[in-house]
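Overview (structure and organization)
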Amino acid sequence: MCAAVSDAGLGEARDVAYDRTYARRQALGRILRPRADAIQDSTLGHAYRATNFLGMGAVAAKRWAAISSRAMPACLDALEAGDAERIVLLDQAGVFINQLRAAGFQRFAMKPLTSLGFRLAQREVKAHAGVEGFDPEELEDELRVFQRAFEARIMYRG
């Protein structure tokens, strides 16, 4: 440990880092919650194409829309949460992926659709970060952290 920094100083540094992380996550929520439906609607056309390609048809695309709509609030809650709570919330949101799999969606079909959703979300974050008082890259990085957690806990499990 550096002699110039006390143990209390390290705690304060951690608190400041936590506060900044928390602030970024809350800003992402404020940016993405009002835009979540539009982002999801943008992915729906791709879901129709994917289900047609896989021979699943429009009914499967409607199932994608319905299930992913139910999942969105839980995923946004996880986006805004601290690390420990995020893990719990993502694990709970895994039920929606199980519903998609039960509806016939394979992981290889879900991954491009969720990646598209994250790309669209990144675009919104970049456009609105300044309004929240953040540099766009800072919020984009925070969203990428969430995307990696989302993919690890939800997309690549089971």
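Below or above, wherever it landed, is the structure these notes cover. These numbers were taken from a predicted model, which means no experiment stands behind them. (Residues numbered from 1 in each chain as written. Predicted model: local features only at pLDDT ≥ 70, side-chain atom pairs only at ≥ 80, totals over all residues. Heavy atoms only, no water.)

As for the overall build of the protein chain
- Helix and strand counts for the protein chain stand at six helices and zero strands.
- In the protein chain, the succession of helices and strands from N to C terminus is α-α-α-α-α-α.
- Relative to its 158 residues, the protein chain shows a buried fraction of 41%.
- When the accessible surface of the protein chain is split by element, carbon and sulfur atoms take 57% of a total near 8,600 Å². (Helix = DSSP H or I, 4+ residues; strand = E, 2+ residues; numbered from the N terminus. Buried < 20%, exposed > 50% of the residue type's maximum accessible area, 1.4 Å probe, protein only. Areas by Shrake-Rupley, 256 points an atom, 1.4 Å probe, with all protein chains shown as cover.)

A word on the pattern of salt bridges
- Inspection of every chain in the model, using the stated rule, returns 12 salt bridges.
- We note a salt bridge from Arg25 to Glu142, for which the minimum N-O separation is 2.9 Å. Of this pair, Arg25 sits in helix α1 (residues 7-32) while Glu142 sits in helix α6 (residues 136-155), placing them 117 residues apart in sequence.
- Close ionic contact of Glu132 with Arg30 constitutes a salt bridge, the shortest N to O distance being 2.7 Å. (Salt bridge = Lys/Arg side-chain N within 4 Å of Asp/Glu carboxyl O.)

Examining helix α5 (residues 107-128)
- Between its first and last C-alpha atoms α5 spans 31 Å; for 22 residues at 1.5 Å apiece the expected length is 32 Å, and the two agree.
- Residues Ala109, Met110, Leu113, Thr114, Ser115, Leu116, Gly117, Phe118, Leu120, Ala121, Gln122 and Val125 constitute the buried set of α5. (Expected span 1.5 Å × (residues − 1).)

Quick notes on the packing of aromatic side chains
- Here the structure, examined in full by the defined rule, presents three aromatic pairs.
- Taking the centre distance of 6.1 Å and the plane angle of 50° together, the rings of Phe118 and Phe146 count as tilted. Of this pair, Phe118 sits in helix α5 while Phe146 is found in helix α6, placing the two residues 28 residues apart along the sequence.
- Exposure remark for Phe118: the relative accessible area of 10% places this residue in the buried category. (Phe/Tyr/Trp six-rings, centres within 6.5 Å; stacked < 30°, edge-to-face > 60°.)

Some words on the environment of Lys62
- With respect to the secondary-structure elements, Lys62 resides in helix α3 (residues 57-80).
- Since its relative accessible area comes to 53%, Lys62 is described here as exposed.
- As for Lys62 and Leu44, which are separated by 18 residues in sequence, their C-alpha atoms are 8.5 Å apart.

Some remarks on the side chain of Arg86
- Structurally, Arg86 is set in helix α4 (residues 83-102).
- For the buried Arg86, which has no salt bridge, the nearest side chain bearing the opposite charge is Glu142, at an N-O separation of 4.4 Å.
- At 3.0 Å, the side chain of Arg86 and the backbone oxygen of Ala78 are in polar contact.
- Look past the residues within four positions of Arg86 in its chain and what remains in contact with it is Arg25, Ala78, Leu79, Ala81, Glu142, Val145, Phe146 and Ala149. (Lys, Arg positive; Asp, Glu negative; His and termini not counted. Polar contact = N/O pair within 3.5 Å; in protein donor to acceptor, adjacent residues only side chain to side chain. Contact = heavy atoms within 4.5 Å.)

So, the nonpolar core
- One finds Leu32, Leu139, Leu143, Phe146 and Phe150 to be the most contacted residues of the largest nonpolar core, which totals 38 residues.
- Where this core is concerned, the elements lending two or more residues are α1, α2 (36-53), α3, α4, α5 and α6.
- Here this core takes eight residues from α3, the largest share from any one element. (Core = buried A, V, L, I, M, F, W, Y, C linked by side-chain atoms within 4.5 Å.)

Here's the deal with the packing of α5 against α6
- It is the contact of α5 with α6, at a shortest axis distance of 10 Å, that shows an interaxial angle of 160°. Put simply, α5 runs roughly antiparallel to α6. Judged by the twist between their axes, the crossing of α5 over α6 is right-handed. Across the interface between the two elements, Arg107, Met110, Lys111, Thr114, Ser115, Phe118, Ala121, Gln122, Val125 and Lys126 of α5 pack against Pro136, Leu139, Glu140, Leu143, Arg144, Phe146, Gln147, Phe150, Glu151 and Met155 of α6.
- Each residue belonging to the contact of α5 with α6 can be placed in one class, and the counts come to 10 nonpolar, four polar and six charged. (Axes fitted to C-alpha atoms, helices over the stretch in contact; angles between N-to-C directions. Parallel < 35°, antiparallel > 145°, perpendicular 65-115°, else oblique. Left-handed = near helix turned anticlockwise from the far one by under 90°. Nonpolar A, V, L, I, M, F, W, Y, C, P; charged D, E, K, R; others polar.)

Re the side chain of Ser68
- Note on placement: Ser68 falls in helix α3.
- At a separation of 3.4 Å, a polar atom in the side chain of Ser68 contacts the main-chain carbonyl oxygen of Ala65.

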